[in-house]
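The primary structure of each chain is shown beneath.
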Amino acid sequence: MHNYAIKVENLAKDFGELHAVDGISFNVASGEIFGFLGPNGAGKTTTISVLCTLTKPTSGRAIINGYDVVRQQSKVRQSIGLVFQDSSLDERLTGLQNLRFHAMVYNVPSSVRDKRIEDMLNMVELWDKRNSEVSTYSGGMKRRLELARGLLHHPKVLFLDEPTLGLDPQTRNRIWEYIIELGKSEGTTIFLTTHYMDEAEKADRIAIIDSGKLVAMDNPINLKNMVGKDIISIKTEDDSKAIEEIKSRYAIEARNDTNNGLIFNVVNGEEFLPGFIKEFTTKILSVSLRRPSLDDVFLKITGREIREEGTKDGIRAMVHGRSRRMHH
Amino acid sequence: MGFLSDGVDFIQFMFPGIIGMTVLMSSFMAGVSLVWDREFGFLKEVLVAPISRTSVAVGKTFGSATVALPTGIIILLLAPLVGVSLSVSTVLGIIPLMFLLAAAMGSLGILLATRIKSMQAFQVVMQMLMFPMLFLSGVFFPVDGLPGWMNVLVKINPATYGIAPIRQVILGGSADSPFNISVFGHTMSLWDNIIVIALFGLIMTLLAMWSFHSQE
Ligand SMILES: Nc1ncnc2c1ncn2[C@@H]1O[C@H](COP(=O)(O)OP(=O)(O)O)[C@@H](O)[C@H]1O
Ligand SMILES: [Mg+2]
């Protein structure tokens, strides 16, 4: 039992009448990358706040690195790193000063402090900007600085709350490279929340949370197998003839999709395709095989799309960022 | 310029009060900086660090008291211009008093900032408190012989006991000076005043810590 980095039992958090987190249980193994996936308002941030001791749970228990988040707060805090959903940098300080402050309050020994700060800033490619005030950084630079800061004291568990929210695809990829590299090289356990499906797929295991409850938990492959069949799209010279042939040969209903030609589902697409291409008599112009995505999984489990809420949240984050700057 | 008493004219009387006022106004920045940190998110980094809430609250108070000191000292250096003579020992005596006043009032600011989350609301509350506190603290007029209701307000105003000792040190605080404050017929000595303002600061700090701890 000892090698669980995170143990959560029946954890609940109410805000008045609202059950923001509604009795969830899960364990995260040491060194695992664990993704918490759910739409806006599902309870992801609230869960992280409880796990990192910022919010007291209404009921239930959570153990991080063997320490109780209610009774052993300072032990928990020393052993975790955090990147919050909203920036928590001191914008009036430089990047370097933010890291120095962090090293001080986390008791990073002064003998290794400067070296480690330099390594971290190099890793996130901010060494050249170290003496600029954080208020002059772009959104992506701030996120990278926060990531460097969260790692500075070598935490055993790193919590990332929507680490790439509102960033451009290039920066998102870069941040993901750091995260995966970190899991591999340092054995850091990573607990992250996201509502981007493609990001969740990079986790070793995913828990899907909806309205405060866990509705599914497994690795991405098993989750997608829940949806079942693979999706094949083909373009042919004669669609109606092809539909007839698919029906008579395999007893499968293909349907016309305006963008992709014909679409139909099969159990094991990779094994199905070679034979299909050989024996099909209607002329095929193109074929593509798609595995079900986590979007399909989410849709199947909750009956709703996760996407729409995602975009709204992105816009809100932008507006929020702007209103903050106006306070200056 | 008329003399108030003992050869002290009005400007000389005002002088210690102005020092106290300057220190008091900058000390409230402790609360402002806490509200600011919360608004910009930095407070979360501090709250989740393995340091106690107590050291955060006390650190903010002492930090702003340290910043308040130089502003007070600059005013203090203008003393010769208004005909107040200062000795080295007077200056050395006043610095800790300024720090005490700043720390005590700063902890009141911290206490308010643990509960008032928005910058706008905090500024409104601060101004509603600061101006009556300044006006009724003996900065602008001797507190002796005021009408009854005003007298009560002056005596329950903690700032009164922070400014009085500064005046006692600068203008000399003989037991029969007309600028002394008397509470329930007892004439407050220098140390009486210091004890009152220090106690006030201690209570505010304890309340601030409790308030900080008890919230999420
Ligand atoms: N401090 C709070 N007070 C009241 N309600 C809150 C508070 N924080 C979050 N909530 C509510 O709890 C629910 C979960 O929020 P959150 O954990 O932020 O969701 P997510 O991070 O998944 O988007 C939402 O309905 C939100 O409005
Ligand atoms: Mg969130």
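Residues numbered from 1 in each chain as written. Chains lettered and ligands numbered in written order. Predicted model: local features only at pLDDT ≥ 70, side-chain atom pairs only at ≥ 80, totals over all residues. Heavy atoms only, no water.

**Student:** Pulling in residues and values, what's your account of unusual backbone geometry?
**Tutor:** Residues and elements named next belong to chain A. Despite not being glycine, His-154 shows a phi value in the positive range, around 50°. The residue His-154 is located in the loop between α5 (139-151) and β7 (157-161) in this model. If you check the backbone angles, Ser-211 has positive phi at about 50° while not being a glycine. Summarising the element assignment, Ser-211 is placed in the loop between β9 (205-210) and β10 (213-218). Its relative accessible area of 51% is what places Ser-211 among the exposed residues. (Helix = DSSP H or I, 4+ residues; strand = E, 2+ residues; numbered from the N terminus. Buried < 20%, exposed > 50% of the residue type's maximum accessible area, 1.4 Å probe, protein only.)

**Student:** I'd like a rundown of the nonpolar core, residues and numbers included.
**Tutor:** Formed by 97 residues in total, the largest nonpolar core has its most connected members in A:Ile6, A:Phe26, A:Leu51, A:Ile64, A:Phe159 and A:Phe191. No other element matches helix α5 (residues 88-115) of chain B, which puts 13 residues into this core. With residues near it in sequence (within four places) discarded, A:Leu51 still touches A:Ile6, A:Val8, A:Leu11, A:Phe26, A:Ala62, A:Ile64, A:Val69, A:Val76, A:Phe159 and A:Phe191. Membership of the second largest hydrophobic core comes to 41 residues, among which are A:Leu89, A:Leu160, A:Leu192 and A:Ala200. (Core = buried A, V, L, I, M, F, W, Y, C linked by side-chain atoms within 4.5 Å. Contact = heavy atoms within 4.5 Å.)

**Student:** So what about the domain arrangement of chain A? Which residues, and what values?
**Tutor:** Domains assigned within chain A are domain 1 (4-219 + 307-327) and domain 2 (229-291). Using C-alpha coordinates to define each centre, domain 1 of chain A is positioned 43 Å away from domain 2 of chain A. (Domains from an automatic or database assignment.)

**Student:** Go over helix α9 (residues 239-250) of chain A, please, and point to the residues and values.
**Tutor:** All names here are of chain A. Here α9 is 12 residues long and its end C-alpha atoms lie 16 Å apart, about the 16 Å a rise of 1.5 Å per residue gives. Listed as buried for α9 are Ala-242, Glu-245 and Ile-246. Here the buried residues of α9 occupy an arc of 100° about the axis, which is enough to place them on one side. Among the exposed residues of α9, those pointing more than 90 degrees away from its buried face are Ser-240, Glu-244 and Ser-248. Next to the buried residues of α9 lie β11 (230-236), β13 (261-266) and α10 (269-279). Looking one or two places after α9, you find Ala-251, whose phi comes out positive at around 55°. (Expected span 1.5 Å × (residues − 1). Arc of directions from axis to C-beta.)

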